[in-house]
Amino acid sequence: MPMDEDSLPLRLAEESIPTEQGSSVWTILVVDDEADVHAVTNMVLEKQMVLGRRLEFLHAYSAEEAIAHLDTTPDIAVILLDIVMAHDTDGLDVARYVRTHYDNPHTRIIVRTGQPGMLHESEAASDYGVNYYEPKTQLTSERLRAVVHMALDSYRASRALDETNRKLREVIADVELFSHAIGHDIRGPARNLHMLSELLGDELQDAPSSTKELVDALQERSSQLLTMLEQLLSLSQMGKDSLNPTQLDIAELVNDAVSAFRTRLVDENLPVTVSGAGRAFADSQAIAMVINNLLDNAAKYRSPDRPLSIDITIRESDTHCEVIIKDNGLGIPTEKLEDVFLPFRRASRDEKTEGSGIGLALCKRIVDLHNGSIRATSDQPQGTSICLALPRS
């Protein structure tokens, strides 16, 4: 059929974007049983450059031809698809083939139909994975260029996300190997080293004081190494599958942690106040680990100029239960507040204070797995406040 401008299903723009030479192309599959649609699509889009790439077209005049192209061309970015061809649902069969046979979520499907009433747009999206639904009568050349540009940008983002996820899976696999190394290849020798240092101390009870000081230092360092490895193992293995959340009485959990904390410090009269009440949907052991870690940090970074004092406030909002632990210790330098919850970052400039730099990272990991939040504020050198928020349900 001869074509003139009035008979074109798309209005062609007089201007065009200059063609640039690129090292790669976007592959677009045009599926329609009308030859005029193919010809006009070429005229409208052939000179376009999208995201630095030119467009390359494949043409199919039936569902069978479309599937043949899909079988031989795995990197089709966009499909311009008619629904009604030889049969009423040919286009939908092609869309379903893309999404189910190939399990391909990336290729963007743009339906161009002359019978928009036969299928609702929401049904096309939910049942057939259609990304754009355009009636032919409303699809001007400018609209087609815009939709194709959006579809290609979306395709690029989808593939980039898939690549990011692939790299993330590789990182997770590396972490699992690292976790295995900590749990078996490193922790065992470290535990043996600590046991040998204790045996050495027992054997050298009558040794000179200088020798005993060296043995004591060895025991202390080996104990710190073992603690750090245990924390690293906990950090690497902590995941949602390891949690068993229930409705918790947070005040009861905090008071139990405070009692254990006083026992560890051998100071039953240590001034720790607990006020307020609240409930949260969380794993009791994991949250107890967080509270214990924060209390131990308060003791570790206490000020030499005043007795340690800790105030704990529990309060509820509509959606969360907050626990605020405020101490009067050394505080955290302002420039370290942003990354204090990262692994191997120390909370204080005090180099004499021992620490692995893992404890707060483990706390954040646990709170994040609960879909909660944790943050630190400090009025150095007057102390630090740590606020953790846990969902109530």
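Everything here concerns the structure above.
Calculation notes
Residues numbered from 1 in each chain as written. Predicted model: local features only at pLDDT ≥ 70, side-chain atom pairs only at ≥ 80, totals over all residues. Heavy atoms only, no water. 1 Å grid on protein atoms, 1.4 Å probe; cavity = no way out; pocket = protein on both sides within 12 Å on 5 of 7 lines; lining within 4 Å. Points joined across faces, edges and corners; volume = space filled by probe spheres on them. Helix = DSSP H or I, 4+ residues; strand = E, 2+ residues; numbered from the N terminus. Nonpolar A, V, L, I, M, F, W, Y, C, P; charged D, E, K, R; others polar. Buried < 20%, exposed > 50% of the residue type's maximum accessible area, 1.4 Å probe, protein only. Pairing = 2+ DSSP bridges. Phe/Tyr/Trp six-rings, centres within 6.5 Å; stacked < 30°, edge-to-face > 60°. Lys NZ or Arg CZ within 6 Å of the ring centre and 35° of its normal.

Caption draft 1: Quick peek at empty space enclosed by the protein. In this structure the tally under the stated criterion is two cavities of 30 Å³ or more. Its volume calculated, the largest cavity comes out at about 170 Å³. Lining of the largest cavity is provided by 14 residues; of these, N297, A298, D327, I332 and T384 occupy positions nearest its centre. Elements supplying a minimum of two residues to the lining of the largest cavity: helix 8 (284–300), strand 11 (320–327) and strand 13 (384–391). With three residues, helix 8 is the single largest residue contributor to the lining of the largest cavity. Classifying every residue of the lining of the largest cavity by side-chain character gives nine nonpolar, four polar and one charged.

Caption draft 2: Region of interest: the pairing of strand 13. Burial analysis of strand 13 places eight of its eight residues in the buried class, the great majority of the element. Because side chains alternate across strand 13, one face comprises the buried residues T384, I386, L388 and L390, and the other comprises S385, C387, A389 and P391, equally buried. Judged from the seven bridges that link them, strand 11 and strand 13 form a sheet pairing that is antiparallel. In the sheet register, C321 faces strand 13, and the bridge partner there is L390. Strand direction decides the pairing type here: strand 12 (residues 373–378) and strand 13, joined by six bridges, are antiparallel. Residue pairing in the sheet places A376 in a bridge with I386 of strand 13.

Caption draft 3: Spotlight on the sheet that holds strand 1 (residues 25–31). One open sheet holds the six strands; their spatial order is 2-3-1-4-5-6, and the pairing between them is mixed. Two strands close off the open sheet at either side, each with one partner strand: strand 2 (49–50) and strand 6 (132–135). Sheet topology note: the strand 1/strand 3 (residues 53–60) ladder contains seven bridges and is parallel. The residue bridging T27 from the neighbouring strand is E56, located in strand 3.

Caption draft 4: Structural detail: the packing of aromatic side chains. Applying the stated criterion to the full structure yields two aromatic pairs. Ring centres of W26 and Y155 lie 6.1 Å apart, and the angle between their planes is 85°; on these two criteria the pair is classed as edge-to-face. Of this pair, W26 sits in strand 1 while Y155 is found in helix 5 (residues 141–203), placing the two residues 129 residues apart along the sequence. With a centroid separation of 5.4 Å and 85° between ring planes, the pair formed by Y97 and Y102 is classed as edge-to-face. Of note, R53 hangs over the ring of W26, and the distance from its end group to the ring centre comes to 4.1 Å.

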